[in-house]
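Below, each chain spelled out in residue letters.
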Protein chains: 2
Amino acid sequence: MRASERAYASLRDDILEWRLLPGTVLGEVEQAAQLGISRTPLREALARLTADGLVEALPGRGLVVTDTSVESVVELFEVREALESRAAALAAQRRDPAVFEALREEFRASDALLADPTRHAYYDLVRRFDEAMDEAVGNSYLVSTLASLRTHIARVRRLAHDNPDRLAAAAAEHLLIVDAVVAGDSDLARSATVVHLHRSLNNILDTAESGRLTPSIDRTA
Amino acid sequence: MRASERAYASLRDDILEWRLLPGTVLGEVEQAAQLGISRTPLREALARLTADGLVEALPGRGLVVTDTSVESVVELFEVREALESRAAALAAQRRDPAVFEALREEFRASDALLADPTRHAYYDLVRRFDEAMDEAVGNSYLVSTLASLRTHIARVRRLAHDNPDRLAAAAAEHLLIVDAVVAGDSDLARSATVVHLHRSLNNILDTAESGRLTPSIDRTA
DNA sequence: GAGCTACGTTCTGTATACAGAGGGCGAGAG
DNA sequence: CTCTCGCCCTCTGTATACAGAACGTAGCTC
């Protein structure tokens, strides 16, 4: 694999997993030495991270890992709702029924997946659900925009605690979306997606380690 | 200005203005020589263009300017509608009325702007309208996503012919959106935006130089 | 004591040199 | 005549060297 690719994957992972905390300064020489590569491929990796919005150039301080705030999570879900609700509606119109019928069976049996404490199989199912939706929508701009948003969602998700009740509820929400897509019901698919995202956001805001999200500034003062 | 920045701006402009046509191969050595810089900053520029979706890496052929098709324009507007209709609704809730009252006066007087054959003043007004909407929404993810879409819109727009009738109609459509935003009417702002985008898309599809957009493959055959 | 200036250090931005991979073309064999 | 194998050439990916700018610091002056 290319050195720049490894550096990108490694740094991206470190940021998404909160090993590199917001505000961390990423010096070129230091990081290049750490990863055992030269500055050239590292710069390419940092440029990609900057484009992703995981890193930003702060004048005077160099490149730093971007901050996450309660506001930014709300903003993220605002865009996510606009795009995913539309995606769900389009998927309901354009889907291959067989694909979503298969997913329906899997979500119906997701209790078993959630019994596993690691829940890898469940998260993999959700990933394949996202992929199937992307495929069904068949819109490359929408897919790449959602991919970009999912990067940030992944970072924030790591702060939230998915308790068993929430996971069971989320599985039921996904099942409803899949049902609607199978039925070709755009309106229901859209509404079910909106519901799912609202509950998901609330769960994140309720359970996120509040110390990690820089608190909102009370503008009513 | 940095050499990489100049290279990026120059190449981006060449692509948006159709001086670099879809399918053009961008060799690093050749382009670097052309721009009078070394490969290092050029590579950075090409990486940014790739992230923008204006350039893509085709295995075996190197980096080429991305294609534009009728389908891709339709896809573009699908995403645009999802995001801008939501943006308009949010702007109607969050706007500073004074800003949009000022814009309303300008759009009311846009006949005069459209009399100018260059129409620079009119396009500048539309740009400031977009900026005011972005500002009112106050969602950085939404703004940066829209910025990315606008890049592609700019490229496609260059193919379309804005006849005076269409421009006058577009001004009226903008005025309706602004009216709704001033009134704080989210539903109307959303609907007016949907209408505007549909008409705008139709105008592009009707008037675009068809040779430039690779024709859709008739899958009904 | 405080402020300004000058120097040094460190960082980013750019150029260049080098290595490895991949593709194209030509020659030879079937 | 065509297909295949091999070599060469070009291109990308990486390392390194160099230049200029910016920040901090220390010393001098007022």
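A quick note: this is a predicted structure, and the numbers were derived from the prediction, not measured.

(A) Layout of the protein's contact with DNA strand D. A:Arg2, A:Ala3, A:Ser4, A:Ile37, A:Ser38, A:Arg39, A:Thr40, A:Pro41, B:Glu28, B:Arg39 and B:Arg43 make up every residue found near DNA strand D. In DNA strand D, atoms within 4 Å of the protein come 50% from sugar and phosphate. Measuring from a phosphate oxygen of DNA strand D, one finds a backbone N or O atom of A:Ala3 at 2.3 Å. At 3.2 Å, a side-chain N or O of B:Arg43 approaches a phosphate oxygen of DNA strand D. Among the elements of the structure, α1 (3-16) and α3 (39-52) of chain A together with α3 (39-52) of chain B are those that each provide at least two residues to the surface near DNA strand D. Sort the elements by how many residues they give to the surface near DNA strand D and α3(A) lands first, with 3 residues. Of the residues assigned to the surface near DNA strand D, the class counts are 3 nonpolar, 3 polar and 5 charged.

(B) Up close: the protein's contact with DNA strand C. Taken together, A:Glu28, A:Arg39, A:Arg43, B:Arg2, B:Ala3, B:Ser4, B:Ile37, B:Ser38, B:Arg39, B:Thr40 and B:Pro41 form the complete shell of residues around DNA strand C. Sugar and phosphate atoms form 50% of the subset of DNA strand C atoms that lie within 4 Å of the protein. The contact in question runs from a phosphate oxygen of DNA strand C to an N or O atom on the backbone of B:Ser38, over 2.7 Å. Separating a base nitrogen of DNA strand C from a side-chain N or O atom of B:Thr40 is a distance of 3.0 Å. Of all the elements in the fold, those that place two or more residues in the surface near DNA strand C are α3 of chain A together with α1 (3-16) and α3 of chain B. Top element by residues in the surface near DNA strand C is α3(B). It accounts for 3 residues. In terms of residue class, the surface near DNA strand C is built from 3 nonpolar, 3 polar and 5 charged.

(C) Quick peek at the pattern of salt bridges. Residues and elements named next belong to chain A. Counting across every chain of the model gives 44 salt bridges over all chains. Across the pair Arg 128 and Asp 124 runs a salt bridge, and its minimum N-O distance is 3.2 Å. With a gap of 4 residues between them, Arg 128 and Asp 124 both fall in helix α7 (residues 120-137), about one helical turn apart. For Arg 128, a relative accessible area of 28% corresponds to the partly exposed category.

(D) Up close: the domain arrangement of chain A. Residues and elements named next belong to chain A. Each assigned domain of chain A is listed here: domain 1 (3-65) and domain 2 (70-207). A straight line from the C-alpha centre of domain 1 to that of domain 2 covers 29 Å. Counting residues at the interface gives 10 residues for domain 1, matched by 6 residues for domain 2. Across the interface of domain 1 and domain 2, roughly 770 Å² is buried in total on both sides, 58% from carbon and sulfur atoms.

Conventions used here
Residues numbered from 1 in each chain as written. Chains lettered and ligands numbered in written order. Predicted model: local features only at pLDDT ≥ 70, side-chain atom pairs only at ≥ 80, totals over all residues. Heavy atoms only, no water. Near = heavy atom within 4 Å. Polar contact = N/O pair within 3.5 Å; in protein donor to acceptor, adjacent residues only side chain to side chain. Helix = DSSP H or I, 4+ residues; strand = E, 2+ residues; numbered from the N terminus. Nonpolar A, V, L, I, M, F, W, Y, C, P; charged D, E, K, R; others polar. Salt bridge = Lys/Arg side-chain N within 4 Å of Asp/Glu carboxyl O. Buried < 20%, exposed > 50% of the residue type's maximum accessible area, 1.4 Å probe, protein only. Domains from an automatic or database assignment. Contact = heavy atoms within 4.5 Å. Buried area = accessible area lost by both parts, 1.4 Å probe.

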